[in-house]
Amino acid sequence: MEPEPEPEPELPFFVYGTLRPGECNHDLFLHGRTAAEEPALLADAVLYEGPGYPYALLDTGGGTVAGEVVRAAAGEYEELLAVLDRLEEYVAPGHPRNLYERVARDVVRTDGTAVRAWVYVAAPGLARKLRASGTRIRGGDWCGRTSG
């Protein structure tokens, strides 16, 4: 009999696109489900244009992606995780139908402290296509984006 997998930790979420405050999905998916939202940066990542939303890609080239670190309200974590996994088309680690992979990464808050958070990054096949022919968002900020 196989041992049961370890439960995933209740990490906050790092959002960098349409889930940020003022963007189209923030009120639809986060309203009433969060206890705190604060600006943060994801290091060693780059941002690419998508069809109305961005894709973050992990990249050791020193890029930075701007976003918010979001903590679930008491009693809302499991529901928020499920809602965001559906929105981001995340099925399971490495699943071929994933649009995004959900990975744990350190993000840095404005006070300089780091916090571990879930980040949805482009799945590997999509990441390869974006690197080859995608449009990178200079500055790594979806809300203040310029392409190039």
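Everything discussed here concerns the structure shown above.
Residues numbered from 1 in each chain as written. Predicted model: local features only at pLDDT ≥ 70, side-chain atom pairs only at ≥ 80, totals over all residues. Heavy atoms only, no water.

## Description of the layout of surface pockets
Thinking step 1. Taken as a whole, the largest pocket holds about 200 Å³ of empty space.
Thinking step 2. Lining the largest pocket are 15 residues, and of these Thr 18, Tyr 53, Leu 87, Glu 88 and Tyr 100 sit closest to its centre.
Thinking step 3. Partitioned by chemical class, the residues of the lining of the largest pocket number 10 nonpolar, three polar and two charged. (1 Å grid on protein atoms, 1.4 Å probe; cavity = no way out; pocket = protein on both sides within 12 Å on 5 of 7 lines; lining within 4 Å. Points joined across faces, edges and corners; volume = space filled by probe spheres on them. Nonpolar A, V, L, I, M, F, W, Y, C, P; charged D, E, K, R; others polar.)

## What to know about unusual backbone geometry
Thinking step 1. Notably, Asp 44 is not glycine yet its phi reads approximately 55°, a positive angle.
Thinking step 2. Among the secondary structure elements, Asp 44 is positioned in the loop between strand 2 (34-43) and strand 3 (45-49).
Thinking step 3. A positive phi angle, near 55°, is found at Glu 89, a position not held by glycine.
Thinking step 4. Assessed through its relative accessible area of 44%, Glu 89 is described here as partly exposed. (Helix = DSSP H or I, 4+ residues; strand = E, 2+ residues; numbered from the N terminus. Buried < 20%, exposed > 50% of the residue type's maximum accessible area, 1.4 Å probe, protein only.)

## Here's the deal with helix 2 (residues 77-87)
Given 3.6 residues to a turn, an α-helix orients residues that are three or four positions apart in the same direction.
Thinking step 1. Of all the residues in helix 2, the buried ones are Tyr 77, Leu 80, Leu 81, Val 83, Leu 84 and Asp 85.
Thinking step 2. Looking at the buried residues of helix 2, the elements they touch are strand 1 (13-15), helix 1 (26-30), strand 5 (64-72), strand 6 (100-109) and strand 7 (114-122).
Thinking step 3. Following helix 2 by one or two positions, Glu 89 has its phi on the positive side, about 55°. (Contact = heavy atoms within 4.5 Å.)

## Considerations on the side chain of Asn 25
Thinking step 1. Relative to the elements of secondary structure, Asn 25 occurs in the loop between strand 1 and helix 1.
Thinking step 2. Under the relative-accessibility criterion, Asn 25 is labelled buried at 14%.
Thinking step 3. When sequence neighbours within four positions are dropped, the list of residues in contact with Asn 25 reads Thr 18, Leu 19, Leu 30 and Leu 87.

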